[in-house]
Amino acid sequence: MDEPILIIGAGMAGLFTALALGSRGHPVTILERDPPPPEGGADAAFEGWNRRGVGHLRHSHAFLARLRSIVVERHPALHQRLMDAGCQELTFASGLSPAAAARYRPEPGDETLTVLTSRRTTLELVLRQYVTELPGVTLRSGVNVAGLAGAMKNGVFVCEGLRLDDGEVLPGLVVDAAGRSSQSFDWLAEAGVVVPEEEEDAGILYYTRHYRLLPGQGEPERGAVPGAGDLGFIKYGVFPADNGCFSITLAVPEIEEALRKAVMHPETFDALCAQMPGIARWTDPARSEPVSKVFGMGDLRSRWRDMAPGDKPLALNLFPIGDGLVRTNPLYGRGCSFAAVTGELVAQTLEAERDPTARAVAFSQTLKAELRPYYEDMRTQDRAAIRRARHALNAAYRPGFKARLVKSFTDDAIAIAIRRDPALLREFMRGFHMLEDSRAWLKRPGNAVKVLGAWATPRAMKRQWYPAKLGPERVEMLTTVGVDPQEDPRRLGFA
Ligand SMILES: Cc1cc2nc3c(=O)[nH]c(=O)nc-3n(C[C@H](O)[C@H](O)[C@H](O)COP(=O)(O)OP(=O)(O)OC[C@H]3O[C@@H](n4cnc5c(N)ncnc54)[C@H](O)[C@@H]3O)c2cc1C
């Protein structure tokens, strides 16, 4: 590979691609619109890094085992730097409930099911510093890419480089990692190329607040009530982070309008947390203090763009990646793993193929094979969650037979089976962490037998494996925190 490689954006996808290419010895130039981080380490970056290009920078992030495995296996020095900067690792065993922990027998490979956690600013800061120290990697901050250089040939856009704001033109192969509002697709449209896309609402909004443990306080022990859960009208998650920090994210269905407005108020946010035992022990004022406002984020969507429909590339020497190409609901915590996997795929494809058309086809095929099954799985779950949230608002709703059967299979079979059997949970988690197809575990005959066995077990004999109560019912919760639980059923289309 001898051509110059230009990357638009030093976010997750841009940095992971530069990591993959730079560590293999390929020269790369990253062009980033935002300024560099302030001096002073992780806290200074969290408090003062101006990253207008990444609206979700201060929302909770956790990095799945698939991302961590790329870091640990291919870049152990980077892993060490992350640990030195205070990032945490949450092991498979540490995520077990006390009852499941009593049944747990460690096995070789369990260490691969480890989550990396930190404030996103901390991971990004360390990754950025590491990547820019690789020989051959140049990062130019404060540089806005204003367009693609290239021309249409035989109905395909052949990219030759980038145009910057100040008129400078840089020649090279382009990796577009400009995030969810990447402009490449507009620039391609201006040239006459329309990239097909599927897009739909994730159905939720995200609300995050950051906290810091008080001096002398530690993180609470894992209790019977999990640190992440779904009450139907609200989802919650605790995200342990670096250097005594953690954040809480509440995800509220779009349809819960009154709650959405109220949760932006810090006092309402904390009052909601206090009602949910899985997070109340974290936000207890005797243990921690809030250190930020409530960050809200909407416009969360799933989107899949196809740069080579039917294996016919729409552009050559141009590789859109990251959120610009594929966006997913942040609830699943897969976006950065998608970015890390794609960075590796870019490097492997460019090394394996020299012909631009063969490269575009190979990249598109491997990307679809790697990521599409997870994408479809998440989209299916989003659609079901949107339906559930809608039903939760309608007191008159009575589920039909099929809906009851699906719910029973989920609650009385799958959830019970994986809660009471750490060996089965281990298999399930491999899919969750993108180490294998997310549905592969259930297709294995032995696992299916365990799930059916749990379904067949009388309720009285499995009572202890149902989840502890995550929090109050909707009306009680909303009333307690001063939100009107009434909705106009006509607006919702029920009357
Ligand atoms: C609320 C929220 C929570 C999330 N939580 C998680 C999580 O827990 N775990 C997880 O794995 N994923 C999570 N994600 C997803 C993850 O953050 C994204 O998938 C990831 O940031 C995508 O990386 P990216 O490089 O494509 O885009 P970004 O990280 O957004 O980076 C894009 C970069 O391009 C730059 N740029 C844009 N245009 C130009 C231009 N014209 N010229 C120069 N530079 C430009 C921007 O300034 C920016 O730095 C979350 C997402 C959201 C919205």
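Here is what the cut-offs are and how they apply
Residues numbered from 1 in each chain as written. Predicted model: local features only at pLDDT ≥ 70, side-chain atom pairs only at ≥ 80, totals over all residues. Heavy atoms only, no water. Pairing = 2+ DSSP bridges. Helix = DSSP H or I, 4+ residues; strand = E, 2+ residues; numbered from the N terminus. Contact = heavy atoms within 4.5 Å. Axes fitted to C-alpha atoms, helices over the stretch in contact; angles between N-to-C directions. Phe/Tyr/Trp six-rings, centres within 6.5 Å; stacked < 30°, edge-to-face > 60°. Buried < 20%, exposed > 50% of the residue type's maximum accessible area, 1.4 Å probe, protein only.

Visitor: Would you explain the sheet that holds strand β20 (residues 326–327) in this entry?
Guide: What links the strands of a sheet is backbone hydrogen bonding, and the strands pair in either a parallel or an antiparallel sense. If you trace the three strands from one edge of the open sheet to the other, you get β11-β17-β20, paired in antiparallel fashion. Every interior strand has two partners, whereas the edge strands, β11 (197–201) and β20, have only one. Here strand β17 (residues 301–305) runs beside β20; their pairing, made up of two bridges, is antiparallel. Looking at the pairing, Arg303 lines up with Arg327 of β20. Sheet strands in contact with helix α13 (residues 356–392) are β11, β17 and β20, and its direction is about 150 degrees off that of β17.

Visitor: Is there a simple way to think about the packing of aromatic side chains in this case?
Guide: Centre-to-centre distance and the angle between the planes together describe a pair of aromatic rings. The tally for this structure, following the rule as stated, stands at seven aromatic pairs. Each ring, one from Tyr211 and one from Phe246, has its centre 5.3 Å from the other, and the planes form 10 degrees; the classification is stacked. Here Phe246 lies in strand β15 (residues 245–253) and Tyr211 lies in strand β12 (residues 204–213), a separation of 35 residues in the sequence. A single burial state applies to Tyr211 and to Phe246, both of which are buried.

Visitor: Could you clarify how one ought to interpret the side chain of Lys235 in this entry?
Guide: Following the sequence through the fold, Lys235 ends up in strand β14 (residues 235–240). You can call Lys235 buried: its relative accessible area is 13%.

Visitor: Would you take a moment to explain the pairing of β15 for this structure?
Guide: Every regular strand shows the same layout, with side chains that alternate between the two sheet faces. Among the nine residues in β15, nine count as buried, and that is most of the element. Residues Cys245, Ser247, Thr249, Ala251 and Pro253 point to one face of β15 and Phe246, Ile248, Leu250 and Val252 to the other, with burial holding for every one of them. Inspection of the sheet shows β12 paired to β15 by nine bridges, in the antiparallel sense. Bridge pairing in β15 links Tyr211 to Phe246. Examined bridge by bridge, β14 and β15 share six bridges and lie antiparallel to one another. Counted as the bridge partner of Pro240 is Phe246 from β15. Between β14 and β15, which pair antiparallel one after the other, the connecting turn spans four residues, and Asn243 there sits at a positive phi close to 55 degrees.

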